Amino acid sequence: MDVRLVASDLDGTIIRADGTISARTIEAFRHARESGMHIVFVTGRPMRWLDPVRRAFGHLGTVICSNGAVLYDLESESLISAATIEPVALLEVRDIILHAEPTATFAAETTRGLHLGTGFAEPGDTERLGEIRALDLGSADLQEAGVVKFLAKSRTRDPDAFMAAVAGPLAHLVSVTHSAVDVALLEMAHVDVDKSVALEAHAAALGIGAGEVAAFGDMPNDLRMLSWAGHGYAMASGHPSALLAAAHLAPGVEDDGVARILEDILAGRTPETR
C-alpha cells in the first residue's frame, strides 16, 4: 500500500471511552510520521478541545476541526483557515429546525469560542465547556468572529431521527451531520464544508491524491471522508452507517484498531480487510 497521508478522526476512533489515547496508538502515529507520512487529525471538535491530542502527540501534524470548517496547524499552534456560515443563513436554519422540533436548543462555535443558547447546556456542562458567551444570532460579536459550527439539540428524538427530520430542508443552507452517540445533537457547517472536502483540499496542496490516503472514522460525520479516501477504514465499534460507507473495517477503538492497521502498513503487510 502506497500511503503518504494518514487521516484519523478522534473520538471513538483513537480517543477511547475514558478520554485517553493508548500508548500503542501514539507509537504507531509517531512511527508513521518518522517514516515520512503526513498526519492529519480530522474531527468535529473545535480548536479549543485539542488537549488530548497535544498530550498524546505534542505538536504533531495538522488538525481539521469542526467537521472541516477549520484548518489548524498543531506544529505552530496557528489557525490556517476557517469557513464560516453566513449570518442570514443561521437565522433561516434556526427557524427551519424549530418548525420541525419546537423544543430544540442551539449553540454556535466561532473562531473565538462557544456561544450558548438558553437551555442548550446540560447540568454540569459549564465546567467542561470552558469559557462561554450567550448566543445572539444577530450580535456583531458573533458575526465578526464567524460561526464555523452551528449546533442544534433535541431532547425528544434520537440523533438519526432528528437529522432525518431537518436535513432535507436545510440542504441548501448548511451541511448537516451528527457524531454523538448519547445525545441528538446536529452539527452544521458552511454548505460546502465537510471532512472530505477539507481533507481533499489539504491533501491536494501537498501533492497527494485520494489513492495515497488512509482514513479512519466511526460516525456519520466521517462517511464522506471514508468514501473519498483510497483506503477508508471504519471502526468495528462505529455507527452502522460508517461500516457501510467504508471499503474496509478496522478493529474497534478499545482494541487499538487504527494502530493495528498502521503497524501493518508500515511493516509492508496488507491489513486484513472484510
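Please refer to the structure higher up on the page.
In this text, all values refer to a predicted model and were calculated from it rather than measured experimentally. (Residues numbered from 1 in each chain as written. Predicted model: local features only at pLDDT ≥ 70, side-chain atom pairs only at ≥ 80, totals over all residues. Heavy atoms only, no water.)

In spatial order, the strands read 5-4-3-2-1-12-13-14; together these eight strands make up an open sheet with mixed pairing. In the strand order of this sheet, the two ends are held by strand 5 (78–82) and strand 14 (248–250), each with one partner. If you compare each strand with its neighbour and ignore which way they point, the axes differ by 20° on average. Where strand 4 (residues 70–73) and strand 5 come together, four bridges link them in antiparallel fashion. Pairing of Asp 73 across the sheet is with Ser 78, part of strand 5. (Pairing = 2+ DSSP bridges. Helix = DSSP H or I, 4+ residues; strand = E, 2+ residues; numbered from the N terminus. Axes fitted to C-alpha atoms, helices over the stretch in contact; angles between N-to-C directions.)

With respect to the helices and strands, Gly 19 occurs in the loop between strand 1 (5–8) and helix 1 (23–34). We classify Gly 19 as partly exposed; its relative accessible area is 32%. As a C-alpha pair, Gly 19 and Ala 140 span 121 residues in sequence and 36 Å in three-dimensional space. (Buried < 20%, exposed > 50% of the residue type's maximum accessible area, 1.4 Å probe, protein only.)

Peptide bonds are mostly trans, and most non-glycine residues show a negative phi. One non-glycine residue, Ser 66, lies in positive phi territory at about 50°. The residue Ser 66 is located in the loop between strand 3 (62–65) and strand 4 in this model. Although it is not a glycine, Asp 256 sits at a positive phi angle of roughly 60°. For Asp 256, the position within the fold is in the loop between strand 14 and helix 10 (257–266).

Turning next to the sheet that holds strand 8 (residues 132–134). Reading across from one edge, 8-7-6-9-11-10 is the order of the six strands in this open sheet, with mixed pairing throughout. Sheet topology places strand 8 and strand 10 (174–177) at the edges, where each strand pairs with a single neighbour. Averaged over all adjacent pairs, the angle separating strand axes in this sheet is 25°, with direction ignored. Pairing analysis gives five bridges linking strand 9 (residues 147–154) to strand 11 (residues 184–190), with the strands arranged antiparallel. Its bridge partner being in strand 11, Phe 150 is matched across the sheet by Met 188.

Glancing now at the nonpolar core. The biggest cluster of nonpolar side chains holds 38 residues, and the ones touching the most others in it are Val 6, Ile 14, Phe 29, Phe 41, Phe 57 and Phe 216. Among the elements of the structure, helix 1, strand 2 (38–42), helix 2 (51–57), strand 3, strand 4, strand 12 (213–217), strand 13 (231–235) and helix 10 are those that each provide at least two residues to this core. Here this core gets five residues from one element, more than from any other, and that element is helix 10. Leaving out residues up to four positions away in the same chain, Phe 29 has contacts with Val 6, Ser 8, Ile 14, Ile 39, Phe 41, Phe 57, Val 258 and Leu 262. Counting 23 residues, the second-largest nonpolar core is a separate cluster that includes Ile 97, Val 147, Phe 150 and Val 174. (Core = buried A, V, L, I, M, F, W, Y, C linked by side-chain atoms within 4.5 Å. Contact = heavy atoms within 4.5 Å.)

Our next topic: the pattern of salt bridges. Pairing of side chains with opposite charge becomes possible as their charged atoms draw close. Tallied over the full model, the rule gives 14 salt bridges. One salt bridge connects Arg 4 with Glu 212, and the closest N-O pair in it is separated by 3.5 Å. Remark: Glu 212 occurs in the loop between helix 7 (195–205) and strand 12 and Arg 4 occurs in the segment before strand 1; sequence separation between them is 208 residues. The residue Arg 224 makes a salt bridge to Asp 194 at a minimum N-O spacing of 2.9 Å. Of this pair, Arg 224 sits in helix 8 (residues 223–228) while Asp 194 sits in the loop between strand 11 and helix 7, and the two are 30 residues apart along the sequence. A relative accessible area of 13% places Asp 194 in the buried class. (Salt bridge = Lys/Arg side-chain N within 4 Å of Asp/Glu carboxyl O.)

In short, the description is geometric, and any link to function would need to be established separately.
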